[in-house]
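# What the coordinates show
This is what each chain is made of:
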Amino acid sequence: METARPPASASALAAFFVVLAALTALGFAAISWLPVVASEHGPGVDRTIVYILVVTGVLFLVGHAVLAGFVWRYSRGGTPEYRPLSPKVEWSWALLPVLALTVASEVGVLVIGGPAWSQIYGETPAGALEIEVVGKQFEWLVRYPGKDGRFGRTAAELVHDVRNPVGLDKKDPAASDDVVLRGALHLPEGRPVVVRLRSLDVLHSFAIPELRVKQDIVPGHLGRTQFRPVRAGSYELACAELCGLGHYRMSGKVVVEPAPEFERWLREQAGWFE
Amino acid sequence: MTIRSSTLGTPVLGLVLLALGCGGCGGKTSVPGGGPETSGGGSAEAPKAGAKVWDPALGTAGVRGTVKLAGKAPKRRPIDMNREPRCHEAHGGKALDESVIVNEDGTLRNAFVWVKKGLESWSFPMPSDPAVVTQTNCVYIPHVQGVRAGQTISIRNGDPCLHNIHAYAKRNTEFNFGQPGGSAEATRTFDRPEVMAMLKCDVHGWMSAYIGVVAHPYFAVTADGGRFELPKLPPGDYTVEAWHEVYGSQARDVRVGDRETREVEFQFEEK
Amino acid sequence: MIESSGHEGGHEAPRGFLRRYVFSTDHKVIGIQYFLTAVVMALVATVLAMLIRVQLAWPEKAVVAPETYVSLVTMHGTLMVFFVVSLALVSGFGNFLIPLHVGARDMAYPFLNMLSFWVIVPGCVLMLASFLVEGGAAAAGWTAYPPLSALGKAVPGSGLGQTLWLLAMALFIASFTMGGLNYVTTIVNCRTRGMSMMRLPLVVWTFLISAVLGLLSFPALTAAAILLLLDRHAGTSFYLPAGLVFGNETLPHQGGTPLLFQHLFWFLGHPEVYVLVLPALGIGFEVIAAFARRPPFGYRLSVYSILVIAVLSMIVWGHHMFVSGMNPYLGKYFSIVTVLITVPFSVLGLNLIASLWRGRIRLDAAMLFALGLVSAIGIGGLGGLYLGTATSDLYFHDSYFVVGHFHFTIGTVTFFGIYAGTYYWFPKMFGRRMDEGLGRVHFWLTVTSLFPMFLLMHYQGLGGLLRRTYDPTVYAYNAAARGLNLSITLLAFGLGAGQIVFLVNLFRSMFAGERTGENPWQATTLEWTTESPAPHGNWRREVPSAHRSPYEYGRNGGAEDFVLQSAEKA
């Protein structure tokens, strides 16, 4: 028997779906959750996120509207007939989501996301500053090549947490002026930076949210990541891969400053063995 | 109260027993009970069964002396505590590495001197007070100390930040736990004699401390004047060892008679 | 195909409590045993979750110790994925439903089936016992990445706790493999007369594909676990490279790489998502068909979509490793194929929604949860796009966005599948109904806490909050994101309270629920042609044959609005 109004439970459920979808979309759209972006490739990452937000937002809202509508409309009783669909109808219905989703998702990967991906993992720009970041439980050690511009040799056997945290080899002349800092990363604004990544113990992940940088550090592998900071300021370096009981405390400071100030700062730093 | 695995275990086990409601699951009883609180495992080596109990109050023999460093004293490296601003400020930004501290007269601080051989046939009363390690302003206090095998070590965090106490040992059970700021003191023991066990804080790589675990009460750590004193020994033949975290260890054989105190000098070399 | 008549008279109902309820070879008893075991494990896993939430809401109080916190997140994940959802959904419902659905008197290998259950029991005990050992339970994450999981010096939980974790996982895999073999054999070989593959209920299709995926992917985890055990206890270096330093000393390992483990783990780990999600979808199809009185929209389409998902799921594992330093071209490949999974998934989702079209919806508790499941697939599936697209994953990797996302997919979808299935098949299990009023209370308490809770985690991820973080106040940049933690914790308490209603309903209804007849929902599939609870051997009379599609809902000539699958065509 078809009734004029659906039962209260159907109205409640339909309302729930509508409110859920609306509030969810509102939460994504009305508040800017992303931290400020401070790197050249960052806007490309953000663009990809926003693109997916829009695409999934539309699908999500339409899907829930239809779901809510169906729940509300078809809860009114009546006795439907048994009407199996022909394969042809099924297939033609499927074409819509297949085409829409294929295009929407691959555009996100290739057209929107592709350029930023290539920027992060592509050729190193000329004139890049090379620095080394060593992850260990639960500290970041940062090494600059010093005045000679060359990284000295290191060896795991030489590592001593207090006296030689990155394992510099005193015998290598290039090593004596290498600058080693605990938990502080200074970067010049506007200059491309290449970071060599090493770990002394377990997995870590080098993450600076404002720079949209995240790169795992795998022990045994010399990792790398590159970016160009374009906004001076003070940011935070985080470990993004579980590395033990102090994982949450494995933080560091990132200072992006204008190139001349950075150069002056670097000149003032004494080498580890000086 | 801070919840640790050991506190979780009991309700979990209870729940399982309740749920499975069977006695056939007794396999669990073979799992060693207790969490890190009862760490330790092996039994202490001393005192041996049948050993004579020595009351140190009766002792008349003694060994004392000096630990020196030959060569130019290395400059103490400044410690970059910037990542923990409170500690950085507490030291006025001028904290120094404690690895090698040489007194103005060329004697060496923080050398651990102990009777390595000669006391095997004796047993000694155990002090009831715990040994104490405190983490204050991101430094371990004391940097080097001796404890008795089996003696309680009380570990305290006076800082508002997290420290983890990671003990490295060869003969003793290693342990590793976090002490967030404001945590209650924790206690651990090293059950077997071992010179040295090391404590490290992985959050602050510059923090390390050394604990000499000894079966008897005859050990000392040098301070002003590089002096050490091991009084109230039973008369006998001994091997006395001095250990330093950078310079390694040296041993001397001495014979001390009744009412006699022998002077021993150790000299490490900075190359 | 073996005619199921070959089974006739093969079994005789066992006598004695032990043979009937404890060491039973009856697939229905075993299914319920699995289900109840999962309930126990769920209680433990939920308590762990609550402790996690308490710590996150009030980090300054340090309610749990940091090393215990990492054990909590590790064990919550492990227990929920492998010892709750896998056990209840795949092993529990799979065992209970498959023979009843395909028209068999029992599983193909009843003894193996019993064995599979009694192998998982010590597995559960070992998992839980690991909380008691020195150093506590495993603490390297549910992914157990080495070197953290390989070295006792790296984290306290990597002592005996991690060894027990690995042994328990080995038992789980053994049990799951026995179960999977049984499912595939039973579905392929033991169908009744007329039960062609295209007449199988969709839930059976999902169990079949889930079992095949499990059989193909679990060996990789088995290998990974054995190699990890060897690295831990036999001094090998499969995952351990040279130059690892602990306590200023270099470890003697050399030549291995932690990446090997990640590949092996995710070669299982990703398909495992579908091993769990597909049966939940299958249950959704069954329940929605019965309560909308309509055949599911696009049966064939759904079957093909499930097959496409199965194939794709085996070749996309690398999307968990976009930031591991893999070759950028490989990253691009994994990204391209990963996002394609949304295509068959959206087809399934739309089919579920379209199944309501022109139906006559009855909103019983089972149906409420099935519809909630549809919504959760939408949120979980669409959330996958952010993580499958490599460029945006750079930002979201290991953030709360991931946590929120997988709690919708392998959390909500699967749990709602379990709930919908429980309310729906409870009469067949116990001959009684669950209380409908309590069922509705359970549903509303659940959805009003669960959806906002896990959605807020998506915002937290967008704000950069990292997962597995004991105290997020260490960082300043995540202030807005972590500000949501207290709300999430309160919602979690609400969610937990809602589940108590379910437990009360479950156990009360077992003994005091309203008695039901053969077919309380007027559904069409074969399990409704036998009495409730189904007897040993499933049908007292001859096993029914399949004469038509499993979903002839709606009026078709007769007076009633459904025709049983076993009804002969006129």
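Predicted model, so just to flag it, every value in this text is computed and none were measured.

Each value, and the rule that gives it
Counting restarts for each chain: residues are numbered from 1 in the order of the written sequence. By the order in which they are written, chains take letters starting at A while ligands take numbers starting at 1. Per-residue local features are limited, in this predicted model, to residues with pLDDT of at least 70; the limit for side-chain atom pairs, both in listing and counting, is 80 or more; totals at the level of whole chains, interfaces and linings are taken over all residues. Each side-chain value is derived from all of the structure's non-hydrogen atoms; neither hydrogens nor water enter the calculation. Secondary structure elements follow DSSP: runs of H or I no shorter than four residues count as helices, runs of E no shorter than two count as strands, and numbering proceeds from the N terminus. Burial classification: accessible surface area is computed with a 1.4 Å probe over protein chains only, and a residue below 20% of its type maximum counts as buried, one above 50% as exposed, and the rest as partly exposed. Should any heavy atoms of two residues lie within 4.5 Å, those residues are counted as being in contact. Methods summary: accessible areas were calculated by the Shrake-Rupley approach with a probe of 1.4 Å, and residue burial reflects only the protein chains presented. DSSP calls a pair of strands paired once it identifies at least 2 bridges connecting them. A fitted line through C-alpha atoms serves as each axis, taken over the contacting stretch for helices, and the angle formed by two N-to-C directions is quoted from 0 to 180°. We define a polar contact as two N or O atoms separated by no more than 3.5 Å, with the added condition that, inside protein, one atom must be a possible hydrogen donor and the other a possible acceptor, whereas residues neighbouring each other in sequence contribute only through side-chain atom pairs. We call two directions roughly parallel when the angle between them is under 35 degrees, roughly antiparallel when it is over 145, roughly perpendicular when it lies between 65 and 115, and oblique otherwise. Each helix crossing is assigned a hand: it is left-handed if the near helix lies turned anticlockwise from the far helix by less than a right angle, otherwise right-handed if that turn is clockwise. The residue classification treats Ala, Val, Leu, Ile, Met, Phe, Trp, Tyr, Cys and Pro as nonpolar and Asp, Glu, Lys and Arg as charged. All others, Gly included, are polar. The set of buried Ala, Val, Leu, Ile, Met, Phe, Trp, Tyr and Cys residues whose side-chain atoms join them within 4.5 Å is what this entry labels a nonpolar core. Domain start and end points were adopted from an automatic or database domain assignment. Once two parts are brought into contact, the accessible area they lose, counted with a 1.4 Å probe and summed over both, makes up the buried area. Salt bridges are defined by distance alone: a side-chain nitrogen of Lys or Arg within 4 Å of a carboxyl oxygen of Asp or Glu. In plain terms, two cysteine sulfur atoms within 2.5 Å form what is called a disulfide here. Residue count minus one, scaled by 1.5 Å, sets the expected span of a helix. Bend at a residue means the angle formed by two fitted axes: the first through the 7 residues ending at that position, the second through the 7 residues beginning there.

Helices and strands together make up the secondary structure of chain C, namely 16 helices and 4 strands. Seen through its C-alpha atoms, chain C measures out along the principal axes to roughly 80 × 50 × 45 Å. Taken across its 570 residues, chain C has 72% of its residues classed as buried. Considering only contacts within chain C whose residues lie at least 6 apart along the sequence, 79% involve residues at least 24 apart. As presented, chain C carries roughly 16,000 Å² of accessible surface, and 66% of it is formed by carbon and sulfur atoms.

Glancing now at the sheet that holds strand E16 (residues 236-244) of chain B. Residue and element names in this part refer to chain B. Across the sheet, which stays open at both edges, the 4 strands sit in the order E14-E3-E16-E17 with antiparallel pairing between neighbours. Each edge of the sheet is formed by a strand with only one pairing partner; in this case those strands are strand E14 (219-221) and strand E17 (248-256). Sheet twist, expressed as the mean angle between neighbouring strand axes with direction ignored, is 25°. Relative to E14, strand E3 (residues 112-117) runs antiparallel, the two being bridged by 3 bridges. Looking at the pairing, Val113 lines up with Ala220 of E14.

Turning to the pairing of strand E7 (residues 144-148) of chain B, a few remarks are in order. All names here are of chain B. Burial analysis of E7 places 5 of its 5 residues in the buried class, the great majority of the element. Alternating positions in E7 separate into two faces, Val144, Gly146 and Arg148 on one and Gln145 and Val147 on the other, with burial throughout. Looking at chain direction, E7 and strand E13 (residues 208-214) are connected through 5 bridges and run parallel. Pairing of Arg148 across the sheet is with Val214, part of E13.

This part is about the side chain of Thr163 of chain C. Residue and element names in this part refer to chain C. Mapped onto the elements of the fold, Thr163 is located in helix H5 (residues 160-189). According to the relative accessible area criterion, Thr163 is buried, its value standing at 10%. Engagement of the side chain of Thr163 in a polar contact is seen with the side chain of Arg232, the distance being 2.8 Å. Those residues in contact with Thr163, other than ones at most four positions away along the chain, are Leu229, Arg232 and His233.

Residue and element names in this part refer to chain C. One can describe the packing of helix H8 (residues 299-313) onto helix H10 (residues 342-354) by two numbers: an axis separation of 9 Å at closest approach and a directional angle of 150°. It follows that H8 is roughly antiparallel to H10 by the angle criterion. Relative to H10, H8 is oriented so that their crossing is left-handed. Contacts from Leu301, Ser302, Ser305, Ile306, Val308, Ile309 and Leu312 in H8 reach Pro344, Phe345, Val347, Leu348 and Asn351 in H10. Tallied by class, the residues present in the contact of H8 with H10 amount to 9 nonpolar, 3 polar and no charged.

Counting 311 residues, the largest nonpolar core has Phe206 of chain A together with Phe83 and Tyr424 of chain C as its most contacted members. Core analysis: the second largest hydrophobic core is formed by 27 residues, Trp122, Tyr218, Leu233 and Phe268 of chain B among them.

Residue and element names in this part refer to chain A. The mixed open sheet is built from 5 strands, whose spatial order is E4-E10-E9-E6-E7. Edge strands, defined here as strands with exactly one partner in the open sheet, are strand E4 (184-188) and strand E7 (213-217). In this sheet, adjacent strand axes meet at a mean angle of 20° when their direction is disregarded. Two strands pair when backbone bridges link them, and E4 and strand E10 (residues 251-257) are joined in this way by 5 bridges, in the parallel orientation. Bridge pairing in E10 places Ala184 opposite Lys253. Here helix H4 (residues 259-268) sits on the sheet in contact with E4 and E10, set at roughly 135° to E4.

Attention shifts here to the domain arrangement of chain B. By convention, interface size is frequently given as the accessible area that disappears when the constituent parts associate. All names here are of chain B. Each assigned domain of chain B is listed with its residue range as follows: domain 1 (61-121 + 223-271) and domain 2 (125-215). Taking only C-alpha atoms into account, the centre of domain 1 sits 19 Å from that of domain 2. Each side of the interface is counted separately: domain 1 has 16 residues, and domain 2 has 19 residues. Between domain 1 and domain 2, the buried area comes to about 1,600 Å², and carbon and sulfur atoms account for 73% of it. Linking domain 1 to domain 2 there are 0 salt bridges.

Taken together, the contact pairs 94 residues of chain A with 108 residues of chain C. With both chains or domains summed, chain A and chain C bury close to 9,000 Å², and 70% of this area falls on carbon and sulfur atoms. Among the residues chain A hides against chain C, the three largest losses belong to Trp33, Tyr82 and Trp117 of chain A. Together they make up 10% of the total. Viewed at the interface, chain C and chain A are joined by 2 salt bridges. For Arg300 of chain C, the salt bridge is made with Glu90 of chain A, and the minimal N-O distance between the two is 3.1 Å.

What follows covers the environment of Thr46 of chain C. Residue and element names in this part refer to chain C. Its location among the elements puts Thr46 in helix H2 (residues 27-57). A residue is classified by how much of its surface remains accessible, and Thr46, at 27% relative accessible area, is partly exposed. Sequence separation between Thr46 and Leu495 is 449 residues, and the spatial gap between their C-alpha atoms is 10.0 Å.

Here the focus is the state of the cysteines. Residues and elements named next belong to chain B. Within this structure, the stated rule accounts for 1 disulfide over all chains. The residue that forms a disulfide with Cys87 is Cys138, at a sulfur-sulfur distance of 2.1 Å. Residues Cys87 and Cys138 are joined through a disulfide that is right-handed, its torsion about the S-S bond being 60°. A residue pair is termed long-range when its members are at least 10 positions apart, and Cys87 in helix H2 (residues 85-90) and Cys138 in the loop between strand E5 (131-136) and strand E6 (139-141) qualify at 51 residues. Residue class for Cys87 comes out buried when judged on its relative accessible area of 3%.

Take the pattern of salt bridges next. On inspection of all chains with the given rule, the structure shows 38 salt bridges over all chains. The partner of Asp161 of chain A in a salt bridge is Lys136 of chain A, and the shortest N-O contact between them spans 3.3 Å. With a gap of 25 residues between them, Asp161 of chain A in the loop between strand E2 (139-144) and strand E3 (179-182) and Lys136 of chain A in strand E1 (residues 129-136) connect regions that are remote in the sequence. Here the salt bridges share partners, and the residues they tie into one network are Lys136, Glu139, Asp161 and Arg182 of chain A together with Lys200 and Asp202 of chain B.

All names here are of chain C. With 37 residues, helix H3 (residues 66-102) should reach 54 Å at 1.5 Å per residue; the first-to-last C-alpha distance of 50 Å fits that figure. In H3, a bend of some 50° at Ser86 exceeds every other bend along the element. Within H3, 37 of the 37 residues are buried, which leaves it mostly tucked inside the rest of the structure. Following H3 by one or two positions, Gly103 adopts a phi angle in the positive range, close to 80°.

Moving on to the pairing of E13 of chain B. Residue and element names in this part refer to chain B. Across the 7 residues that make up E13, a large majority, 7, are buried. Burial along E13 is two-sided: the face carrying Ser208, Tyr210, Gly212 and Val214 and the face carrying Ala209, Ile211 and Val213 are both buried. Where strand E12 (residues 194-200) meets E13, 5 bridges bridge the pair, whose relative direction is antiparallel. Bridged to Leu199 within E13 is Ala209.

The subject of this paragraph is the environment of Ala126 of chain A. Note that Ala126 of chain A resides in the loop between helix H3 (87-121) and E1. Considered as a pair, Ala126 of chain A and Leu59 of chain A are 67 residues apart in the sequence and their alpha carbons are 43 Å apart.

Let us look at unusual backbone geometry. Omega for the bond connecting Val195 of chain B with Met196 of chain B falls within 30 degrees of zero, at 5°, which places this linkage in the cis form. Looking at the secondary structure, you find Met196 of chain B in strand E12. The omega torsion across Ser532 of chain C and Pro533 of chain C is -10°, close enough to zero to call that bond cis. Following the sequence through the fold, Pro533 of chain C ends up in the loop between helix H16 (485-512) and strand E3 (552-553). Positioned with a positive phi, Arg259 of chain B is a non-glycine residue whose angle comes to about 55°. By secondary structure assignment, the location of Arg259 of chain B is in the loop between E17 and strand E18 (261-269). Located in the positive-phi region is Asp398 of chain C, a residue other than glycine, with phi close to 55°.

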